[in-house]
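Here is what each chain is made of, one letter per residue.
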Amino acid sequence: MILEMFGPSGAGKTTMVSALTAHLRGLGYVVNPRIGVRAHPLRRGILKCLASVKLLRSAGPAAGVAELFRILPPKDRLWFIRLYWHLALLHHEWTAAQASDAITIFDQGMVQAVASLILLSGITDRDPVGRALDIVPKPDLLIRFEAPRTLLEERLRDRWQKIGPLQRYLEIDLQGSLDHVDHVDLISDMVSARALPMIRISSIDAPSCDLSIDRITAEVQARMRPSRVVAEEPAARGYAALSH
């Protein structure tokens, strides 16, 4: 089973993956989180490129990834290369997750990738965006994060001030991250029209996180049974920091 977190930067996707993983494991599920780490951007980029090059040499790029870039090509050459390698590796991990009996949780999956391509290509017309959505593999459940725009802007500005010059160069700038909110809304509308299983949640504070984890857990339990049973009681949940 594949769960994909989907939403604008600063909405709490990465934090939710960690909390949800711990909760589901406590209930007896085997869970594989797939989290993109922001720390050490240069080292992360080099390791990702090496892994992607190895993958491309052994298996070649997925046809769907190449078609995505023909539909929504990033304007910047460096971002074109970086995102192409990223999606080639993501597609490989996604295929492996589909063949697994475990629950795999992506904090940034294939639907989120379409939103990123909209931002980097500048193309917002519904026809090419729709064709891109039709190409990408879909999660069993898309978890749409919602948050007030003012809160997102506050979190993004705080994040931007804390990162160094190198990371600023390698990441989408503050205005781009804010524009990304509109692209996520566009994708949400189009996903709803395609009847893809999706729930809307919030993780802006501790109570909303607890409610969201309960909602997601109920959806998971409706779709699959625990792969193992644990004797001990699950640990209590706590949410001290909500920074992603």
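What you see as residue numbers is a count from 1 along each chain, following the sequence as written. Two thresholds apply to this predicted model, a pLDDT of at least 70 for residue-level local features and 80 or more for giving and counting side-chain atom pairs, whereas whole-chain, interface and lining totals are computed over all residues. Here the side-chain values reflect all heavy atoms present in the structure, with hydrogen atoms and water set aside.

Visitor: Lay out the overall build of the chain in plain terms, naming residues and giving numbers.
Guide: Counting its regular elements, the chain contains 10 helices and five strands. Type-normalised accessible area, obtained with a 1.4 Å probe on protein chains alone, sets the label of each residue: buried when under 20%, exposed when over 50%, and partly exposed for intermediate values. Here the chain holds 244 residues, and the buried ones make up 47% of them. For this analysis, residues touch if any pair of their heavy atoms sits within 4.5 Å. For the chain, the share of sequence-separated contacts (at least 6 apart) that also reach a separation of at least 24 residues comes to 81%. The helix count covers DSSP runs of H or I at least four residues long, the strand count covers runs of E at least two residues long, and both are numbered beginning at the N terminus.

Visitor: Lay out the nonpolar core in plain terms, naming residues and giving numbers.
Guide: With 35 residues, the main nonpolar core has Phe69, Leu87, Val114, Val129, Leu133 and Ile187 as its most contacted residues. Mapped onto this core, the elements with two or more residues apiece are β1 (2-6), α3 (63-71), α4 (77-98), α5 (110-121), α6 (126-135) and α9 (174-193). In terms of residue count, the dominant contributor to this core is α5 (eight residues). The contact partners of Val129, leaving out residues within four places of it in the chain, are Val114, Ile118, Ile123, Thr124, Leu186, Ile187 and Met190. By size, the runner-up hydrophobic cluster in this structure holds 24 residues, among which are Val17, Leu20, Ile216 and Val220. By convention a nonpolar core is built from buried Ala, Val, Leu, Ile, Met, Phe, Trp, Tyr and Cys residues, the set being connected through side-chain atoms within 4.5 Å.

Visitor: Describe the pattern of salt bridges, and please don't skip the residues or the numbers.
Guide: Throughout this description, the term salt bridge denotes a Lys or Arg side-chain nitrogen within 4 Å of a carboxyl oxygen of Asp or Glu. Here the structure, examined in full by the defined rule, presents seven salt bridges. Between Arg70 and Glu67 there is a salt bridge; the shortest N-O distance is 2.8 Å. Taken together, the residues span about one helical turn, with Arg70 and Glu67 both in helix α3 at a distance of three residues. Under the relative-accessibility criterion, Arg70 is labelled exposed at 58%. What makes Glu67 partly exposed here is its relative accessible area of 27%. The shortest N-O distance in the salt bridge between Asp134 and Arg194 comes to 2.9 Å. Separated by 60 residues along the polypeptide, Asp134 in helix α6 and Arg194 in the loop between α9 and β5 (198-201) bring together distant segments of the chain.

Visitor: Please set out the packing of aromatic side chains residue by residue, giving values where relevant.
Guide: Between the rings of Phe, Tyr and Trp (Trp by its six-membered ring), a pair exists once the centres lie within 6.5 Å; its type follows the angle of the planes, with under 30 degrees stacked, over 60 edge-to-face, and the other angles tilted. Applying the stated criterion across every chain yields a total of four aromatic pairs. Ring geometry for Phe69 versus Phe80: centroids 5.0 Å apart, planes at 65°, classification edge-to-face. In this pair, Phe69 is assigned in helix α3 and Phe80 in helix α4, connecting sequence segments 11 residues apart. Residue classification places Phe80 among the partly exposed positions, given a relative accessible area of 21%. When the ring of Phe69 is compared with that of Tyr84, the centres are 5.1 Å apart and the planes differ by 70°; the resulting orientation is edge-to-face. Pair noted here: Phe69 is in helix α3 and Tyr84 is in helix α4, with a separation of 15 residues, a long-range link. A single burial state applies to Phe69 and to Tyr84, both of which are buried.

Visitor: So what's going on with the side chain of Ser212? Which residues, and what values?
Guide: As for its position among the elements, Ser212 is in helix α10 (residues 206-223). Residue classification places Ser212 among the buried residues on the basis of a relative accessible area of 4%. Among the polar contacts listed, one links the side chain of Ser212 to the backbone oxygen of Ser202, at a separation of 2.6 Å. Not counting the four nearest positions on each side in its chain, Ser212 is found in contact with Met16, Ile201 and Ser202. Polar contacts, as used here, are pairs of N or O atoms within 3.5 Å; protein pairs need one atom able to donate a hydrogen and one able to accept it. Residues neighboring in sequence count only if both atoms are side-chain atoms.

Visitor: Give me the confidence of the model for the chain: which residues, what numbers.
Guide: Of all residues in the chain, 74% have pLDDT values of 70 or greater, and the mean over the chain is 80. Across the chain, each position has a pLDDT score giving the predictor's confidence in that residue, from 0 to 100. A low-confidence stretch, residues 39-44 stays under pLDDT 50, and its non-local contacts, those more than four residues away or across chains, total nine contacts. Here residues 227-244 is a poorly scored stretch, pLDDT under 50, and it has 40 contacts once near neighbours within four places are set aside; other chains count.

Visitor: Tell me about α5, and name the residues and values.
Guide: In this model, α5 (12 residues) spans 16 Å end to end at C-alpha, consistent with the 16 Å of a helix rising 1.5 Å per residue. Summarising burial for α5: 12 of the 12 residues are buried, a large majority. Downstream of α5 by a residue or two, Gly122 has a phi angle that is positive, lying close to 80°. Here the expected span of a helix is defined as 1.5 Å times the quantity of residues minus one.

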